[in-house]
Amino acid sequence: METQRKSSEDDCGGQRGLLHTWKGYSYSVTPEKLLLPRPVLQVALGTRHSVLLVEGGQVYSFGELPWKQSQASETTTPTMESALSGQRVVAVAAGSFHSGAVTEDGDVHMWGDNGAGQCGLSGLSSVPNPTPVALVDSNNGAAQMVPVLELACGEKHTLALSVQREVWAWGSGCQLGLNTNVFPVWKPQKVEFLKGRYVLQVACGASHSLALLHCLGPVDVHRPPVDKCRRCNQLLYTMTDKEDHVIISDSHYCPLAVEQTGDEGRLEAPALVQGLKTSPSEPVLPSHVSSTSDSASPAPVASTENTSDPSDALNSEEEEARLPNGVHPGSTQSRAGAPVVKSSPYPDEQAVKDYLKKLSDNTQADAKTAAGGLHALLPSSNVSSTLNNLVASCASAVGERVASTYEALSLKKMMNFYLPSGASRSDGVAVGDNMAERVREEDSMQGKKSCSTGDIREEEAEGLRRRLSLPGLLSQGRYAVHVLSSSYALLLSPRLLRKAGRPKMRAVALTPMEPGVPEAQEVLPTLQTEVWSWGHGEQGQLGHGDNQARLQPLCIKSLNNKEVVRVAAGAHHSLALTAQSQVFSWGSNSSGQLGHMESPSTVPRLAKLSDGIRVWDASAGERHTLLLADGDCIQPIIYYSGQQVKDGDEERLTKEPHQQDGREEDEERPLGYTQQPVLLPFCMNLGYVSSVFAGGQKCMALSDRNVMGFIASLHELAAAERKFYVKLCNIKSQILRPLLELDTLSSALGQMALGLLQTLAGHFGNLCHMTGQHAASLTASLRRGRDIKSLLILDHSKIFLDCHNDYCSSVGNFQVIGGFHALTKPSLDFFGKSPELLQRLSECSEENPTMADLLVALFYLPTRHLHDYSRLLLKLATCFEVCSSDYQKLQDSCSQFEALTLQLKRKRKEAECTFHFWKSFPGKMTDSLRKPHRRLICESSNKALTLQNAGRFSVNWFILFNDALVHAQFSTHHIFPLATLWVEPISEDDAGLHGLKVITPEETLTLLASSPMEKSKWLRAINQAVDQALTGSGQDAASGGLVLKLEPPISRMASYTFYKDGRLKEATYEGRWLSGKPHGRGVLKWPDGRIYTGTFNNGLEDGFGEFVAPNKILNKNDHYQGQWKDGKMHGLGTYSYTSGEVYDGSFLDGMRHGHGMLRSGKLNTSSPSVFIGQWLQDKKTGYGVFDDITKGEKYMGMWQDHLRQGTGVVVTQFGLYHEGAFKDNKMMGTGILLSEDDTTYEGEFSDDWTLNGKGVLTMANGDYLEGSFNGEWGSGLKVTGSYFKPHLFDSDKDKTRAVKLGCLCVCAEDKWHAVFEECWHQLGCEAPGQGESQRAWDNIAVALTTNRQYIQDSPERLSRSHSKTLESLEVIPQHVGPITMERYHTIRLYLVQACDTPLHPLGRLVETLVAVYRMTYVGVGANRRLLPQAVNEIKSYLSRIFQIVRFLFPDLPEEGGLISEPSTNPQDEKESTSADAPLESPKPSRVVSSSALLLPVLLPRLYPPLFTLYALEKEKEDDVYWECVLRLNKQPDLALLAFLGVQQKFWPVSIPASLTALGEKQQVISSTKDVCFASAVETLQQISTTFTPSDKLQVIQLTFEEITQEVQSLLKLDFLWSMDDLFPVFLYVVLRARIRNLGSEVSLIEDLMDPCVQHGEHGIMFTTLKACYYQIQHEKIT
């Protein structure tokens, strides 16, 4: 052994992970060093064995290992656990007599004593070698292996923390926290009670368990107390208002949190239970259990022999299994033992009855029983405290308030406050009758703040009622109301309540505001933690203020908000280490292991350490505690508290387990022990200790040698952060919080300063919290890795920089408005005339500083810490090679912190200058100009800058702040925000003036500097300030403000409110600017609610924009969306009026002008009237169509000033047709009126439908009246005149009297001028045809790109095909040079695509024309008399569009011109392309016509209304034709062919195979039908699916070809048709094709056919079809 171990002083070998071991704390102790082949990473100590984890993941054991059968059971040299070789172990744990290891995959291996199932392997009493144990989660159906992060082992149980942060347990005893009473639990099970919570760490004592959890919500000392139970979500308090008093009741019972005392768990009568033994080294304790029989004697105590053999533990665990504690508190057990599921959270009636009975039995029990057992006595009176035990979280809310008072009041005060004055207090000795006293003491200390209080005594409640009169109680301040016992309701008068409830403090978030440092929440370790405990509690090791056991995890309320970052458990005591480097301890204190001598030790109390000692690692053994702390030097120091171990004592201790009786605390401790932690003197020789371990009676420490200064620098960084955090916490609790709670604060500071102070406090809280988190993170990395990778400050430096920056800004803001001076008086009142505390905390070195200086120094203190960061990071960097990435990383972070240090220094200086400036500034203006964020840059009080042409006596003072330039005069001042300020130097002229021109949206100032230096200084200062105001930051932190742009951008985003009279007075503009004018996209809002959103140009609305103008009377908005120019609506737009009218069309100078459509009518109807046509200066003037839907009339004609004036046509829904002159909106003058039945009137009119004057009335049968007429049409006419009845033989002559329509209406060429003019304007022409085609193409390109840009902003408008069309239009076709066929086709394709998108001027034109055409001829306009006008209108469109096309392609021949087809001879081609080749050479050519080019584009869109008119016009003829077709189609094929006179040689003999069912040729027989010439019939039927005449003629041609083909195959030779042969065959095909509206088709082709086709082949074929149509109509069937 001696060869293996050496005293640590003389060692130099090995640098990292050195292990030292010792026992006890006397001066003679020297640690021995354990030599291992590799650095040690982690140590776990059992009662008599140790487990070591070394680098590389191997595990070594030494000490007493009785489970190893092969070797000697005791080994002094570490031996490797070979069963784990090949596995990389990442964590080890040791219980009293068993061990565990976790591999990097999260697998668990256990070995050692398994008597209580603690190794999780069934059927073995001990496990000699590490054996895998599986954690299987089968909750979601499929069984899944659960990976584990860490293990903790107790005496008879093991806990595992999974990667999902859930706790699993196995072994025996209530310390498992499982809902079972059957032990041992062999198979790992999840602790369901902690499900859904985030567990950070677990620890095991001998028979209790601890868990560190992340809090569910944000925790703040000052938040209002919780009003709902955290577990069952029921209200904790109820308040009932009764006339003059209020009843507050908090008698809430939570079934989930109730602790079980006595045999409450079992409602059936339990058998007499033997006393139980909890560990081999403990004597059996008498336990009082009363039965339901009337026996009042204590239960007999069974004594078992003391034994150290762990296997015996099983028996005691079996006994324990029969204890009542084995039942889940929330459920009652049925007699069969199956749990009964209850829907209610409250106990049922039976449970309460049993409970009451049991209570009455218990009162007879002897109170003098020994009190140290597992179960505390039940209440000795059962009057009204029946539910006391059930009130579980009664005090949880109360606790949160009282917790903070607990530290403020001393123990004695608390006793006096809570207990009746007559009660005697014993010094923590709880024997016999003093039991109640002790419980009362603990209650008084802890009961009010822990939800796990034992029951609150009835007598105590009575005593409280008696002793605490209300005024006294209320005088206790803000906690008083909450302190009242939860076992009774309290009666208070509302007046007193109001008095008591008046707050003495404001709630200020000093713990971090949630959104404060959001990234930090995820990156840094949490400080918002809770400690939960469960298991045996007879030594108070659970920390709930009593000695009861807990079957389920329960939160130790007094540790909430204490920022616990680590827990540790000794055999019977527990430790919690906080982020503020304090240690709380509780549990057994038999040897002083708690580090303090206060009692009772059932609640967490602080270990006593001298000031400045910051503990950062702690470990607990059987009866001792080790603490690792920061001292004065960088090297860590070790403290020991607990039992002194002397060599001779060791055996004695192992043989005689100490008495853990209640009496023991009174007696002399068996050996030497510490009253408070003592420093181990040898710790300085160990090097840099990174963690300490305690277990059994051993102590161990892991240390590193300081190689290259790296380890020392890491330790220094962590120590500095811990020290800084403690400092910040002290400032928070001793300065900030008391100040914020002062009553006089708001009156001393005023509203604004108070708000800033609260913001400052919030930022301070954030900074403090983040520092605490970082300190915890650094501490953890010291314990674990000790490498650069684990330093969060490198990867997440932004969090630190931002947090410091925000804090410094808030301090500056408070300083600028004179906050620290205003704080002087409240501070003096509070801290007195001698502020030593402030001086100490602020580290102020001045002699006799003022209070304000002290406060400034104190609040700027945190910014000094940034320098520490950069210094220590630089120190770390020097440990690395300069070229390494680690060096680079450290160097970068260092420079970032250094730069921020400089920037914050500059910020502080700016704040101080600004503060002093305000002190000297004239008072009136200070109030309006002083803003917290405003900082002074420079000012011209020394006349350095003056206003040009200022009056002799005027005072002009210019002050430049970081957000505005202020021009102050005698009593007035004007503020120019920097975001909308442009400054430019005026070039030096002969006069030698040093001028600056300052441009703002509404003013331009010329400022004169006193010298060139002043001029450049001000120019630079203003530009710099403007640039910073625009970028929204101070100068770049990284550059330290050295790199500066010469001048800010001339175009920028900014917001501004206009103040001068005019159109924009009080309007606010937000958007882009250029040199003082709105320019680009922006939003302009007027105070009366008008809003313009869109583009601006040089200060005016220009381009596309939306405008909303509210109508106050109707409480709705006018809304315009469209084009603007020079601040007015100009171009295309849509205006929705509040009246419900909508205008869609052109504007000029803010008025409706050009072509537009006005829909009007109530919103709920579908527009009762629509006008579409020409507007002139806001009035209907020119040609327009008005559809009066209510009257059912449509007017198509001329307008002037909103009135019908000139020629026009009116049609009605009843078929009336009128054309003629209109005047003043009435039919007035000559006109023609036709009714549906062809009755016609020609003559004078005086009003709508009113005949007045000479005229002729013609009846449908040809009779007519001639004379003078008077009266309204349709309601009886007065006639003076002659009646004519034409003679029968004159009939032919007179039929020609048919009226000629179309003379008195607007001719097609005069319609829709505005539409075409708009298109010409878009192409850049003043009038049709006047302009340059090149400019037109430029305009087209511009229109496409701007419209496309607009549409891309709202992509939902753009379909895929549309965007493809736009892409193809981007290529402009060649538009100069001779037109060849190829170019002609290119032009045709271009036109098709251009007309496909409304973004192209031609497409827009076509779209508008289609709209107006449909508007005219759909609905009421579908009147057959309008057909000629409809046809003429299309022809007019064609000629006018063709004019535009020829303008764009100037070389296109005019209507009827020729284009030569390209020849196939290459020689010819060469000739034709050469310039001098004669173009007239006789080659095949093509006639250019508007219909060929444009009808294919136009007609498909206009076809429905046009064809409807044709169908109406041809209705009678088509009916006759159709009747004949139906009749003749009843005939079979051969009969029909014969009837039509088709020559027999043309009759098909057989049916083509494709048409027969069998796919073979069949003979045509007499009954065959619909088979002959079937393909030609099918082809002809397609005529109805085409639109343009040329397409229809193509179909006819194909039909002829089909007929010819069939006949040729029949005759087997070529032949030429004669009309006599062809006509009957074609007639047959037409009949069989059954085309319904053939007459309409024929008329349409005839009207719109290309003139050049009429005399060609197509013309003849068309004539044939027409002839067939007439033939069928007049066919007589004999």
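Criteria and cut-off values
- Here the residue numbers are simple positions, counted from 1 along each chain's written sequence.
- The predicted nature of this model means local features are confined to residues of pLDDT at least 70 and side-chain atom pairs, given and counted, to a pLDDT of 80 or more, with totals for whole chains, interfaces and linings taken over all residues.
- Side-chain numbers come from the whole structure's heavy atoms, not from hydrogens or water.
- Numbering goes from the N terminus for both helices and strands, where a helix is a DSSP run of H or I of at least four residues and a strand is a run of E of at least two.
- Exposure is judged per residue with a 1.4 Å probe applied to protein chains only, and the accessible area is read against the type maximum: over 50% gives exposed, under 20% gives buried, and values in between give partly exposed.
- The contact definition used throughout considers only heavy atoms, calling two residues in contact when any of these lie within 4.5 Å.
- All accessibility values rest on the Shrake-Rupley procedure with a 1.4 Å probe; residue burial counts only the protein chains present in the view.
- Aromatic contacts are taken between Phe, Tyr and Trp rings whose centres are within 6.5 Å, Trp giving its six-membered ring; a plane angle under 30 degrees counts as stacked, one over 60 as edge-to-face, and the others as tilted.
- For a ring to carry a charge above it, either NZ of a lysine or CZ of an arginine must fall within 6 Å of the ring centroid while also lying within 35 degrees of the normal to the ring plane.
- We call two strands paired when DSSP finds no fewer than two bridges between them.
- Only the stretch in contact is used when fitting a helix axis, every axis being a line fitted to C-alpha atoms; angles between N-to-C directions are given from 0 to 180 degrees.
- Each residue carries a pLDDT score, the predictor's own confidence in it, on a scale running from 0 to 100.

### Points about the overall build of the protein chain
Working step 1: A count of helical and extended segments in the protein chain gives 37 helices and 65 strands.
Working step 2: Per-residue burial for the protein chain yields a buried fraction of 53% across its 1678 residues.
Working step 3: Counting contacts in the protein chain only where the partners sit at least 6 residues apart, residues at least 24 apart contribute 58% of the total.
Working step 4: Total accessible area computed for the protein chain in this model is approximately 74,500 Å², and 53% of it derives from carbon and sulfur atoms.

### Re the packing of aromatic side chains
Working step 1: Tallying each qualifying case throughout the model produces 54 aromatic pairs.
Working step 2: Ring geometry for Tyr869 and Phe897: centres 5.1 Å apart, planes at 50 degrees, overall tilted. In this pair, Tyr869 sits in helix 18 (residues 851-877) while Phe897 sits in helix 19 (residues 885-920), placing the two residues 28 residues apart along the sequence. You'll find Tyr869 and Phe897 in the same group, each marked buried.
Working step 3: The residue whose ring lies beneath Arg934 is Phe961, and the NZ or CZ to ring-centre distance is 5.5 Å.
Working step 4: A cation sits over an aromatic face here: Arg1204 above Tyr1195, 5.3 Å from the ring centre.

### Structural notes on the sheet that holds strand 42 (residues 1004-1009)
Working step 1: Spatially, 36-42-41-40 is the arrangement adopted by the 4 strands of the open sheet, whose pairing is antiparallel. The sheet is open, and its two edges are formed by strand 36 (945-947) and strand 40 (982-985), each paired on a single side. In this sheet, adjacent strand axes meet at a mean angle of 30 degrees when their direction is disregarded.
Working step 2: Where strand 41 (residues 994-999) and strand 42 come together, 6 bridges link them in antiparallel fashion. Along strand 42, the bridge assignment pairs Gly995 with Leu1008.
Working step 3: Where helix 21 (residues 1012-1031) meets the sheet, it contacts strand 36, strand 40, strand 41 and strand 42, and its direction lies at approximately 20 degrees from that of strand 41.

### Some remarks on the confidence of the model for the protein chain
Close inspection of predicted coordinates is inappropriate in any region flagged by low pLDDT.
Working step 1: When pLDDT is averaged along the protein chain, the result is 77; 73% of the residues meet or exceed 70.
Working step 2: Overall, residues 255-345 carries pLDDT values under 50, and its contacts beyond four positions in sequence, including any with other chains, amount to 161 contacts.

### Brief notes about the side chain of His774
Working step 1: You can see His774 is positioned in helix 13 (residues 745-783).
Working step 2: The residues touching His774, leaving out its near neighbours within four places in the chain, are Leu524, Glu721, Ile793, Phe800 and Tyr869.

### Some words on the environment of Asp886
Working step 1: Relative to the helices and strands, Asp886 resides in helix 19.
Working step 2: Sequence-wise, Asp886 and Ile788 are 98 residues apart; in three dimensions their C-alpha atoms are separated by 7.3 Å.
Working step 3: Contact partners of Asp886, with chain neighbours within four places excluded, come to Ile788, Lys789 and Phe880.

### Points about the pairing of strand 9 (residues 98-103)
Working step 1: Burial within strand 9 is extensive, with 6 of its 6 residues counted as buried.
Working step 2: Burial along strand 9 is two-sided: the residues His98, Gly100 and Val102 and Ser99, Ala101 and Thr103 are all buried.
Working step 3: As defined by bridge partners, strand 8 (residues 89-94) adjoins strand 9 across 5 bridges and the pair is classed as antiparallel. The partner of Ala94 across the bridge, within strand 9, is Ser99.
Working step 4: Taken together, strand 8 and the strand that follows it, strand 9, pair antiparallel across an intervening segment of 3 residues.
Working step 5: As paired elements, strand 9 and strand 10 (residues 108-113) share 5 bridges and run antiparallel to each other.

### Examining the sheet that holds strand 28 (residues 605-606)
Working step 1: Judged by pairing direction, the sheet is antiparallel, and its 4 strands sit side by side in the order 25-26-27-28 without closing on themselves. For this open sheet the edge positions go to strand 25 (564-569) and strand 28, each flanked by a neighbour on one side alone.
Working step 2: Sheet topology note: the strand 26 (residues 573-578)/strand 27 (residues 583-587) ladder contains 5 bridges and is antiparallel. Residue His573 lies in a different strand from strand 27, and its bridge partner there is Gly587.

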